[in-house]
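# A closer look at the structure
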Amino acid sequence: MDKKVFIVAKREYLERVRTRWFVIGTLLFPAVIAGFSIMMAYVASKGGASSAVRHITIINTTSTDLGQRVADALMADTSVAGPDTIKPRVLNVAPADLAQAEAQASSEVKLPNHIAGYLVLSDSTLAGKSVRYAGRNASSITDMDKLQSTVRQAMMMVRLQTEGVKPEIITDLTKTRLRFNTERLSERGRTGSGQAGLFAGLIVGVMLLMLIMLHGQNILRGVIEEKTTRVAEVVISSVKPETLLAGKVIGVGGVGLTQQVAWLAITAYLVSFFMPIVLKGTTVGASASANAAAASPVTGVLNSLTPMVIGVALGYFIIGFVFYATLFAAAGAMVNSEQEAQQAAMPVIALVMSAWLCVNPIMLAPTGKLAVILSWLPWASPIIMPIRMGMTTVSPVEIAGSMIVAVLGSIAAMWLGGRIYRVGMLMYGKKPSFREVAKWIKYA
Amino acid sequence: MSDLAIDIRNVVKRYEEHVAVRDLSLQVPRGSVYGLLGPNGAGKTTTIRMILDVILPDSGSITLFGQPNTNPGVLDRVGYLPEERGLYKKMQVRRVLSFLAELKGIGAAEAARRIDEWLERFSLKTADKDWGESKVDELSRGMQQKVQFIATLLHDPELVILDEPFSGLDPINAQALKDAVLDLKRRGKTVVFSTHVMDNAEKMCDSVCIIARGEKVLDGAVSAVKRGAGARHVALSLTGGAQNGVSSVLEDTQLVRTVDDNTNFFEIELAPAADPQKLLRRLIDAGANIERFELVQPSLHQIFLERVGAQGIETGMSGHG
């Protein structure tokens, strides 16, 4: 291969990496993603409920200790945020005095910095029918979920006790935490967690989509810059247009790859560094499982990344980028300004999006007809295949076949794009019609 | 080792609507300054682009220094200044120059050394300001033109091709360019430039080729071209212009075939078999106040007008040269 390819690629790479926007984009994106995922993990570990669920008055009109049980359960729950100095107040009243107790509690709710609300436990509650709550946080879904589940559990315990079940057995029976672990089974045996595989496939798909949308359009803009500044003619008198095009694709692709590797590394570092610090407050009781839950997607993804999967994903990644980058370059060579570029890029963007919009249906049916067909279409397979491979077992024959078709598709794109590029780079003036472009392809 | 820097044989380039270059052959000797002359749309830029293998001819052959121009490395010996000029605007001057030199096979370290030399020569690098560190779009238009010229010559090419180099240059830069071309010639380089300004060509070129409508009209050494046109021309200067009956004398087709009227100066082509002495007598009789009457070789401009004519400038041919 012409060594001038690397001179062109070097320029494309260095000039882009040197810009302020590259540095900002590379650092900011992982910070946002890491911040978001830590926040999600934090919320998940806290069960979402605020300390307000403890800052209530419990009015118990049943003749049982249901009120105290609910209060104790709320205090024992580690997923509730905030200090445990605030405790629910339990009022055991006769059904006849309920109206008065309620009026008293509701006036307290209205006072500033006082209780958040009050909970009414009646015989109807004990019968498993209804429970009533009034308070400032009544529209908080997480708080209400917490109260509901706590009351339900306490009610079960009281009823079991009434039925004469031993207290130790009751505790044992009601304190169960059910975690739902999934594992994918295939002809080749266990291949890691089902979710993790899908997750890994989706990451590859999303990253390729971002690479195409961000850096593919970067190529388009670069080509237009060379045309509008007329530097193209000097460059093309030194290197063949095909060499220039190849250098561009390699250089800009390298920029994209650098950025994405940096994104993955920085995000992983930030998450692994800050996650334990943020989750430290919950390192009692449920902590082990919470940490395990937070860590499981990461380890799961890592476990499902066998060298084979990484190799195939990287292969599709490169093929997909080359395919679209060449088309973007050809689109850029056809036009003379940034404004026209948006129009010229539309067919290429539509092609990417047509593949991306099929991701959802394919996730629902990874072995369906649509999935199989798309795996054989070169503009869709680089996005679709990694996701399918993450979800189900795709036969090596199908993978190899799809890859060969994708490679052939990329070669066709390079041939076509190269011809349009060769002629278009030196064509100024009005935007060509499709007939004219067809002629370029013929005459180049 | 061929004596020809460029040898074009029977080159044809057809586009859908028209023939840009038809059956063109021309030879540029090594070490010469060669002018490619023609009206706009004549096929000059198309020819130059084919020499540089930017576009492919439909038929015919092009060799540079005796090798096909498609041979790897041949074009590294050529420097090219296109008519449409431009550089990467957001790039540092030094990096642009280094990039373009590296594309011509010069190592980065060697390029850096030469860039300093050239920037100093064009006073773009002085004790208090180094424009090489600036971005291209921070430079004035004149400075950008200098940078572009440096880019053309940085790899010390044996053949320098300049497409309409004088267009858009102020008189000072135009003079600097002429000096640079003569300097290249002294150092044994070959220079080819295209222009439609005959005056520049006549003063600078050893040989010329006039093309129109994609065809060669004539070519050869400037002296031979002028000799070939014959001494049937009269340079006439009149004080106070063509007054009285002078105009009717100049309109007499028995004596005058064509006249290029510049108010006070006339370049006259005599009619076949007309006697210049008779023309002089008639002018004196008509009361002309003659400052100069001289039998001369025709100017390139005159030859061009005669051979190409007004119809040589084909309308509706968009694009370049």
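Since we're looking at a predicted model, the values are computed, not measured.

## Quick notes on the overall build of chain B
A count of helical and extended segments in chain B gives 10 helices and 14 strands. When its C-alpha atoms are laid out on the principal axes, chain B stretches across 75 × 50 × 40 Å. In chain B, which comprises 321 residues, the share counted as buried stands at 51%. For chain B, contacts bridging at least 24 residues in sequence account for 69% of all contacts bridging at least 6. As displayed, chain B offers around 14,300 Å² of accessible surface, 48% of which is attributable to carbon and sulfur atoms.

## Describing the overall build of chain A
Each helix and strand counted, chain A has 18 helices and six strands in total. Across the 444 residues of chain A, 46% fall into the buried class. Summed over all atoms, the accessible surface of chain A reaches about 22,400 Å², with 67% contributed by carbon and sulfur.

## Topic: the nonpolar core
Counting residues in hydrophobic clusters, the biggest one holds 149 residues, and the most contacted among them are Val235 of chain A together with Ile6, Leu64, Leu97, Phe99, Leu159 and Ile161 of chain B. Tallying contributions element by element places helix 12 (residues 307–334) of chain A first for this core, with 14 residues.

## Thoughts on the interface of chain A and chain B
In this complex, chain A contributes 25 residues to the contact, which on the side of chain B involves 27 residues. Summing both sides of the interface, chain A and chain B together bury roughly 2,600 Å²; the carbon and sulfur share of this comes to 55%. Per-residue buried area on chain A facing chain B is highest for Arg11, Glu233 and Ser237 of chain A; these three make up 21% of the total on that side. In this assembly, chain A and chain B are joined by four salt bridges. Its salt-bridge partner being Glu102 of chain B, residue Lys10 of chain A comes within 2.9 Å of it at the nearest N-O pair. Counting across the chain A and chain B interface gives eight residue pairs in polar contact (both at pLDDT 80 or more).

## What about empty space enclosed by the protein?
Under the definition given, this model contains one cavity of 30 Å³ or more. If you add up the space inside the largest cavity, you get close to 100 Å³. Around the largest cavity sit Val234, Ser237 and Ser238 of chain A together with Tyr80, Leu100, Lys104, Gln148, Ala151, Thr152 and His155 of chain B, which together line it. For the lining of the largest cavity, the leading source of residues is helix 4 (residues 141–153) of chain B, giving three residues. Among the residues forming the lining of the largest cavity, the class breakdown is four nonpolar, five polar and one charged.

## A look at the packing of helix 2 (residues 93–103) of chain B against helix 4 of chain B
Residue and element names in this part refer to chain B. Packing of helix 2 against helix 4 leaves a shortest axis separation of 9 Å and a crossing angle of 25°. One finds that helix 2 runs roughly parallel with respect to helix 4. Helix-helix and strand crossings are classified by hand; for helix 2 and helix 4 the assignment is right-handed. Touching Val93, Leu97 and Leu100 of helix 2 are Val147, Ile150 and Ala151, all from helix 4. In terms of residue class, the contact of helix 2 with helix 4 is built from six nonpolar, no polar and no charged.

## A closer look at the sheet that holds strand 14 (residues 290–296) of chain B
Residue and element names in this part refer to chain B. Pairing is antiparallel in the open sheet, where four strands are placed in the order 12-13-11-14. The strands lining the two open edges of the sheet, one partner per strand, are strand 12 (256–262) and strand 14. Put simply, the sheet's adjacent strands are angled 15° from each other on average, direction ignored. Direction of pairing for strand 11 (residues 233–238) relative to strand 13 (residues 265–270): antiparallel, over a ladder of five bridges. By the bridge assignment for strand 13, Ala235 is matched with Glu267. Where helix 9 (residues 276–285) meets the sheet, it contacts strand 11, strand 12, strand 13 and strand 14, and its direction lies at approximately 170° from that of strand 14. Packed onto the sheet, helix 10 (residues 300–308) meets strand 11, strand 12 and strand 13 and runs at close to 125° relative to strand 12.

## So, the environment of Lys248 of chain A
Residues and elements named next belong to chain A. Of note, Lys248 is situated in helix 10 (residues 241–278). Between the C-alpha atom of Lys248 and that of Thr326, which follows or precedes it by 78 residues, the distance is 9.2 Å. Excluding anything up to four places from it in sequence, Lys248 contacts Val8, Glu12, Ile219, Gly222, Val223, Glu226, Gly253 and Tyr421. Within the local environment of Lys248, its side chain forms a polar contact with the side chain of Glu12, the two groups lying 2.8 Å apart.

## Details of helix 6 (residues 141–162) of chain A
All names here are of chain A. Counted at 1.5 Å a residue, the expected span for helix 6 with its 22 residues is 32 Å, and the 31 Å between its end C-alpha atoms agrees. Of the positions making up helix 6, those classed as buried are Asp143, Met144, Lys146, Leu147, Thr150, Val151, Ala154, Met155, Met157 and Val158. All buried residues of helix 6 lie within an arc of 160° about the axis, which places them on one face of the element. Positive backbone phi, approximately 90°, marks Gly164, located one or two places after helix 6.

## Considerations on unusual backbone geometry
Residue and element names in this part refer to chain B. Even without being glycine, Asp156 reaches a positive phi, approximately 50°. Of the residues examined, Asp156 reaches a relative accessible area of 37% and is grouped as partly exposed. With a phi angle near 70°, Thr263 is a residue other than glycine that sits in the positive phi range. Residue placement: Thr263 occurs in the loop between strand 12 and strand 13.

## Examining the pattern of salt bridges
Residues and elements named next belong to chain B. A complete count under the given rule lists 39 salt bridges over all chains for this structure. For the salt bridge of Lys125 with Glu120, the shortest nitrogen-to-oxygen distance reads 3.8 Å. With a relative accessible area of 24%, Lys125 lands in the partly exposed category. Between Asp252 and Arg282 there is a salt bridge, with the nearest N and O atoms lying 3.2 Å from each other. With Asp252 in the loop between helix 8 (246–250) and strand 12 and Arg282 in helix 9, this residue pair connects regions lying 30 residues apart in the sequence.

## Overview of the confidence of the model for chain A
All names here are of chain A. For chain A, per-residue confidence averages 82 on the pLDDT scale, and 85% of positions sit at 70 or higher. Per-element confidence in chain A is highest for helix 1 (residues 4–17), whose mean pLDDT is 93, and lowest for strand 6 (residues 189–190), whose mean pLDDT is 50. Across residues 283–293 the pLDDT falls below 50, and counting only partners more than four positions away or on other chains, this stretch makes seven contacts in the model.

## Side note on the packing of aromatic side chains
Residues and elements named next belong to chain B. Inspection of every chain in the model, using the stated rule, returns seven aromatic pairs over all chains. Taken together, the ring pairs connect Trp118, Phe122 and Phe149 into an aromatic cluster. We note Lys129 situated over the ring of Trp131; from NZ or CZ to the ring centre the distance is 4.5 Å.

## Overview of the packing of helix 3 (residues 66–76) of chain A against helix 6 of chain A
Residue and element names in this part refer to chain A. With their axes 9 Å apart at the nearest point, helix 3 and helix 6 run at an angle of 130° to one another. For the element pair helix 3 / helix 6, the angle class is oblique. As for how helix 3 packs across helix 6, the hand of that crossing is right-handed. On the side of helix 3, the interface is formed by Leu66, Arg69, Val70, Ala73 and Leu74, while helix 6 contributes Lys146, Leu147, Thr150, Val151, Ala154, Met155, Met157, Val158 and Gln161. Considered class by class, the residues forming the contact of helix 3 with helix 6 number 10 nonpolar, two polar and two charged.

## Looking at helix 12 of chain A
With 28 residues, helix 12 of chain A extends 41 Å from end C-alpha to end C-alpha; this agrees with the ideal 40 Å at 1.5 Å per step. Taking burial as the measure, the 28 residues of helix 12 of chain A include 21 buried ones, the bulk of the element.

Scoring rules and cut-offs
Residues numbered from 1 in each chain as written. Chains lettered and ligands numbered in written order. Predicted model: local features only at pLDDT ≥ 70, side-chain atom pairs only at ≥ 80, totals over all residues. Heavy atoms only, no water. Helix = DSSP H or I, 4+ residues; strand = E, 2+ residues; numbered from the N terminus. Buried < 20%, exposed > 50% of the residue type's maximum accessible area, 1.4 Å probe, protein only. Contact = heavy atoms within 4.5 Å. Areas by Shrake-Rupley, 256 points an atom, 1.4 Å probe, with all protein chains shown as cover. Core = buried A, V, L, I, M, F, W, Y, C linked by side-chain atoms within 4.5 Å. Buried area = accessible area lost by both parts, 1.4 Å probe. Salt bridge = Lys/Arg side-chain N within 4 Å of Asp/Glu carboxyl O. Polar contact = N/O pair within 3.5 Å; in protein donor to acceptor, adjacent residues only side chain to side chain. 1 Å grid on protein atoms, 1.4 Å probe; cavity = no way out; pocket = protein on both sides within 12 Å on 5 of 7 lines; lining within 4 Å. Points joined across faces, edges and corners; volume = space filled by probe spheres on them. Nonpolar A, V, L, I, M, F, W, Y, C, P; charged D, E, K, R; others polar. Axes fitted to C-alpha atoms, helices over the stretch in contact; angles between N-to-C directions. Parallel < 35°, antiparallel > 145°, perpendicular 65-115°, else oblique. Left-handed = near helix turned anticlockwise from the far one by under 90°. Pairing = 2+ DSSP bridges. Expected span 1.5 Å × (residues − 1). Arc of directions from axis to C-beta. pLDDT = per-residue confidence, 0-100. Phe/Tyr/Trp six-rings, centres within 6.5 Å; stacked < 30°, edge-to-face > 60°. Lys NZ or Arg CZ within 6 Å of the ring centre and 35° of its normal.

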